[in-house]
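Chain and residue survey
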Number of protein chains: 2
Amino acid sequence: MEQRNDTRYPVHEVITQRWSPYGFSDRAVRREDVLSVFEAASWAASSFNEQPWRFMLATKENPAEFEKMLGCLVEANQGWAKVVPVLSIGITKSTFTRNDKPNRVALHDLGLAAANLTFEATARGLCVHQMGGVDREKTREVYNVPDGYEVQTAIAIGYAADPQDVPEALRERDAGPRTRRPLTETVFGGTFGEPAAEVR
Amino acid sequence: MEQRNDTRYPVHEVITQRWSPYGFSDRAVRREDVLSVFEAASWAASSFNEQPWRFMLATKENPAEFEKMLGCLVEANQGWAKVVPVLSIGITKSTFTRNDKPNRVALHDLGLAAANLTFEATARGLCVHQMGGVDREKTREVYNVPDGYEVQTAIAIGYAADPQDVPEALRERDAGPRTRRPLTETVFGGTFGEPAAEVR
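Starting afresh in each chain, residues are numbered from 1 along the sequence in its written order. The order in which chains are written sets their letters, starting at A; the order in which ligands are written sets their numbers, starting at 1. Where totals are concerned, whole chains, interfaces and linings use all residues; where local detail is concerned, this predicted model gives features only for residues with pLDDT of at least 70, and gives and counts side-chain atom pairs only at 80 or more. With hydrogens and water stripped out, all remaining heavy atoms of the structure feed into the side-chain values.

As a further point, take the interface of chain A and chain B. Residue contacts are counted whenever heavy atoms from the two residues lie within 4.5 Å of one another. On the side of chain B, 79 residues touch chain A, which itself brings 79 residues to the contact. A side-chain nitrogen of Lys or Arg and a carboxyl oxygen of Asp or Glu constitute a salt bridge if their distance falls within 4 Å. Applying the counting rule to chain A against chain B returns 0 salt bridges. Think of a polar contact as two N or O atoms within 3.5 Å of one another; within protein, one of them needs to be a possible hydrogen donor and the other a possible acceptor, and neighboring residues in sequence only count if both atoms come from side chains. At the junction of chain A and chain B, the tally comes to 45 residue pairs in polar contact (both at pLDDT 80 or more). Helix and strand definitions follow DSSP, with helices as H or I runs of at least four residues and strands as E runs of at least two, each counted in order from the N terminus. Those elements that provide at least two residues to the side of chain A that touches chain B are helix H2 (31–42), strand S1 (53–59), helix H3 (63–70), helix H5 (106–123), helix H6 (136–142), strand S4 (149–158) and strand S5 (187–188) of chain A. If one sorts the elements of the side of chain A that touches chain B by residue count, H5(A) sits on top with 11 residues. Three classes are used, and their members are as follows: Ala, Val, Leu, Ile, Met, Phe, Trp, Tyr, Cys and Pro are nonpolar, Asp, Glu, Lys and Arg are charged, and the others, Gly among them, are polar. Residue classes in the side of chain A that touches chain B are distributed as 38 nonpolar, 22 polar and 19 charged.

Below, the discussion takes up the packing of H2(A) against H5(A). All names here are of chain A. Axes, fitted as lines to C-alpha atoms, cover a helix only where it is in contact. Angles between the N-to-C directions of the axes lie from 0 to 180 degrees. Running from N to C, H2 and H5 cross one another at 145°; their axes reach a closest spacing of 7 Å. The interaxial crossing formed by H2 with H5 has right-handed handedness. In this structure, H2 contributes Ser36, Val37, Phe38, Ala40 and Ala41 to the contact, and H5 contributes Ala113, Asn116, Leu117, Glu120 and Ala121. Residues of the contact of H2 with H5, tallied by class, amount to 7 nonpolar, 2 polar and 1 charged. Left-handed describes a crossing whose near helix is turned anticlockwise from the far helix through less than a right angle; right-handed describes the clockwise counterpart.

Quick look at the sheet that holds strand S3 (residues 127–131) of chain A now. What links the strands of a sheet is backbone hydrogen bonding, and the strands pair in either a parallel or an antiparallel sense. Whether two strands pair comes down to DSSP finding at least two bridges between them. The sheet built from 5 strands is open, its strands ordered S3(A)-S4(A)-S2(A)-S1(A)-S5(B) with mixed pairing. Two strands bound the open sheet, and with one partner strand each, they are S3 of chain A together with strand S5 (187–188) of chain B. Relative to S1(A), H2(A) is tilted by about 170°, and along the sheet it contacts S1, strand S2 (86–93) and S4 of chain A together with S5 of chain B.

A few words now on the nonpolar core. Ranked by size, the top nonpolar core spans 58 residues in total, and within it Phe38(A), Ile157(A), Phe38(B) and Ile157(B) carry the most contacts. When residues of this core are traced back to their parent elements, those giving at least two are H2, S1, H5 and S4 of chain A together with helix H2 (31–42), strand S1 (53–59), helix H5 (106–123) and strand S4 (149–158) of chain B. We define a nonpolar core as any set of buried Ala, Val, Leu, Ile, Met, Phe, Trp, Tyr and Cys residues linked to one another through side-chain atoms lying within 4.5 Å. Between buried and exposed lies partly exposed: a residue is buried under 20% and exposed over 50% of the maximum accessible area for its type, with that area taken using a 1.4 Å probe on protein chains only.

The side chains of a regular strand alternate, first on one face of the sheet and then on the other. Residues and elements named next belong to chain B. Counting buried positions over the 10 residues of S4 gives 9, a clear majority of the element. Sheet analysis places strand S2 (residues 86–93) next to S4, joined by 8 bridges and oriented antiparallel. Looking at S4, one finds that Ser88 is bridged to Ile155. The pairing of strand S3 (residues 127–131) with S4 spans 5 bridges and is antiparallel. From the neighbouring strand, Met131 faces S4, where its bridge partner is Ala154.

The strand order across the open sheet built from 5 strands is S5(A)-S1(B)-S2(B)-S4(B)-S3(B), with neighbouring strands paired in mixed fashion. This sheet does not close on itself; its edge strands, each paired only once, are S5 of chain A together with S3 of chain B. Pairing of S5(A) with S1(B), which is carried by 2 bridges, proceeds in the parallel orientation. Following the sheet pairing, Phe188(A) is matched in S1(B) by Met56(B). Docked against the sheet, helix H3 (residues 63–70) of chain B engages S1 and S2 of chain B, running at close to 125° with respect to S1(B).

Counted according to the given criterion, the structure contains 14 salt bridges over all chains. We note a salt bridge from Glu32(B) to Arg30(B), for which the minimum N-O separation is 3.5 Å. Residue class for Arg30(B) comes out partly exposed when judged on its relative accessible area of 46%. Linking Glu150(B) and Arg136(B) is a salt bridge whose minimum nitrogen-to-oxygen distance equals 3.6 Å. Taken together, the positions of Glu150(B) in strand S4 and Arg136(B) in helix H6 (residues 136–142) put the pair 14 residues apart, joining distant regions of the chain. According to the relative accessible area criterion, Glu150(B) is partly exposed, its value standing at 33%. One salt-bridge network, held together by shared partners, links Arg30(A), Glu32(A), Asp33(A), Glu120(A) and Arg124(A).

So this is what it looks like as structure tokens:
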């Protein structure tokens, strides 16, 4: 798979390969791959091993369920996501099961799980495009999400399309430069904003 | 490295190896490994590529700075974390730089970055133990964290200790069973709480 990310320091190839395309192929994802990417998510770390994440899942194999989930995305995402074979919506449990106290890091821990899912998918030649653009109220209604749980994110899983098959507007977005802040602007030492000695 | 996690479906070996020990060795982490784990973090996905994560970093090579950060952890974490060679505190930017609007998923995206960091560390034979137990107010004061940024988590990075060198109380916690909910209780289909057909 292509090394998409031009990193300043060497990192694992799966991290250099990960990207979030807008142009997806309609090629189906095998059930064994779906199982393994969610299994990977479930082995993320979480505060007190609460595993606050839950996932709604819809695939093209059930068109009615797929349309139902697609309709929970904001319109801007429905345009490119409609061809993706696997969609998921990430939900968090708001309190710790052990003591019913609020779980301040539930959304963080959903991110840990989503990154594990993305890693496993990338290692299998799949691409993942995560979205904050989900209609949270509609999703709660459509899926009967109970009180104590919060609808948070959406996740598209599939194969990147051949660029020549991607509508021009999306193709241009996918072809744009991939940039990140240098570590000197991200990893700080004794005071916020001052680069740590280790990254200077 | 040991395959710690008994997964129900096959996942990448780095995911089966990841765990969060309490018993760390005082073995130093090479600077090149520190650079690569934070580089990996920086290549996580984020909403509008905001990269809302920032990290304070302290290592044993600067004892004063290390003590300063250790003192920002809740007491229960200071006990085991004091031997870890590398500590970090995760901070989020509360708004999007592009339009100053609130970034609802900043904490989620810090989780994506922390998982990338953890993945890179695990692939290098290191262990990561993340903590929600950080004194957020004290950290803001000590590091002059400005308004518009939120102190969120702490991260310990080092090598797992040989169990025989770990105090008994911690050794027992590290030796405990590693459990996760089955996918049937995490991945749902048409209605929240009902297992998706793909995971049944």
